[in-house]
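Analysis of the macromolecular model
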Amino acid sequence: MTRRVTTPEPGWARAYRTVTAVWLLGKALTLAVNAVTFPRLRPAPVPPGGPRVSILIPARNEAANLPVTLPGVLAQGAHEVLVLDDRSDDGTGDIARSLGARVIPGAARPDGWHGKPWACQQLLRAASGDILIFTDADVTWHPGALGGLLRELHASGADLLSVQPRQSNVTPGERLLTPLVDAAVLSYFPFPLLRMTPPHPLATIANGQVMAYRRAALTRVGGYAAVRDQVLEDTVMARKLGQLGLRVSTVMGQRCIGVRMYRSYPDSVAGFGKNALPIHLNSRAFMLASVALHVAGHTLPWLLPLPNRNALRAASLLERLAVNLIAGRRTPADLAEGLLGPVTPLLALPVMVRALRRRVSWKGREYRQ
């Protein structure tokens, strides 16, 4: 009878499998917690006699988006809707005006200011509301969204409530990277940790696509001057509010608030390329380590002849599926995005290459990193 000889597993393989398994398990546990605890917006009527609400839209060359999104914002029942035409050259201001919004012509950007913080600062000066909601021009507001947002703002007691809009992806190229916005939040930040008071700086997040402030809180932090030179102004603002002892929270948009961020894979690379370094605390070493970990966890299990690799392979397929289910993206095409898990880190490599540059450009403006 021939005895089968088992080759011992190399030490490097054991270490790789252990580190990867622990990392993926941590993400899976975070997803499980967020599936239960992360709040979701639900449609509600605007309460009568409630606070005065200003919805504020910074817009630079948004002629293609505003005819789609602005009518839904105007129908919410806010006291005022202001659009800041940030020196557009595509008729953005005329379109917003024709749809019924009050349009403010943007002033020249002062030295030391980035584009979006300056646009938001001008809107802050012009707004009259007690609740100030900044929303991007590509964000879609569905019926009952404002009432649901005000209800969540009251229930959470937040001084800043940001929304994670439900992603709307139409073309195959949009599906490659854009949904990773949800993955970054839901698989790394357990919601109970986000609600700690005072918040930890590394567990403080916000999404600039929709930011609802109590006016007193935004005034106390100094308005958008506090983040005048920040590319990732939303998260930095949330951290500054937390340092003042103010409460920051977030909510998923679900069927109330959605967004179509980018229209193609190259657009996603350009958009994420400007944010990737600030998201990694402006540390290129941290960003490169993150890239290596994602390749190791999601791609290498399909390439290396490791023992017991099927569990790692399954995790690489199921993670994006789980994220989409939690975020409320449940069409067959949305769920099929899970199949992209093994190649997603490779698709993200051009983002990181772009983010390594000393200067990044966005909407015709260049920013030093």
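Located above this text is the structure these notes cover.
Description of the structure in this document. This structure is a prediction, so every number in the text was calculated from the model and none was measured.

Within the structure shown, the criterion is met by 10 salt bridges. Close ionic contact of E319 with K27 constitutes a salt bridge, the shortest N to O distance being 2.8 Å. Placement of E319 in helix α13 (residues 310-327) and of K27 in helix α1 (residues 11-37) is noted, with a sequence separation of 292 residues between them. Assessed through its relative accessible area of 3%, K27 is described here as buried. Between D334 and R329 there is a salt bridge, and its shortest N-O distance comes to 2.9 Å.

As a further point, take the sheet that holds strand β10 (residues 257-259). Strand order in this open sheet of three strands is β5-β10-β7, and the pairing throughout is mixed. Sheet topology places β5 (139-141) and β7 (166-167) at the edges, where each strand pairs with a single neighbour. In the sheet, β5 pairs with β10 via three bridges, with the strands oriented antiparallel. Across the sheet, the residue bridging to V139 is V259, located in β10.

Turning our eyes to something else, we now look at the packing of aromatic side chains. Per the stated rule, a full pass over the model turns up six aromatic pairs. Pairing F134 with Y213 gives two aromatic rings, centres 5.8 Å apart and planes at 90 degrees, and the pair type is edge-to-face. With F134 in strand β4 (residues 131-135) and Y213 in strand β8 (residues 210-214), the pair connects residues that are 79 residues apart, well separated along the chain. Judged on exposure class, the residue F134 and its partner Y213 are both buried. Ring geometry for Y262 and F272: centres 5.5 Å apart, planes at 85 degrees, overall edge-to-face. Here the residue Y262 occupies a position in the loop between β10 and α11 (265-279), and F272 occupies one in helix α11, the gap between them amounting to 10 residues. Aromatic ring contacts, followed pair by pair, group F134, Y213 and Y224 into a single cluster.

Here we take up the sheet that holds strand β2 (residues 80-85). Taken together, the seven strands give an open sheet; going across it, the order is β3-β2-β1-β4-β8-β6-β9, and neighbouring strands pair in mixed fashion. With one partner strand each, in any of the chains shown, β3 (102-105) and β9 (248-252) form the two edges of the open sheet. Across the sheet, the mean angle from the axis of one strand to that of its neighbour is 20 degrees, orientation sign disregarded. Here β2 pairs with β3 via four bridges, running parallel. Residue pairing in the sheet places D85 in a bridge with P105 of β3.

Calculation criteria
Residues numbered from 1 in each chain as written. Predicted model: local features only at pLDDT ≥ 70, side-chain atom pairs only at ≥ 80, totals over all residues. Heavy atoms only, no water. Salt bridge = Lys/Arg side-chain N within 4 Å of Asp/Glu carboxyl O. Helix = DSSP H or I, 4+ residues; strand = E, 2+ residues; numbered from the N terminus. Buried < 20%, exposed > 50% of the residue type's maximum accessible area, 1.4 Å probe, protein only. Pairing = 2+ DSSP bridges. Phe/Tyr/Trp six-rings, centres within 6.5 Å; stacked < 30°, edge-to-face > 60°. Axes fitted to C-alpha atoms, helices over the stretch in contact; angles between N-to-C directions.

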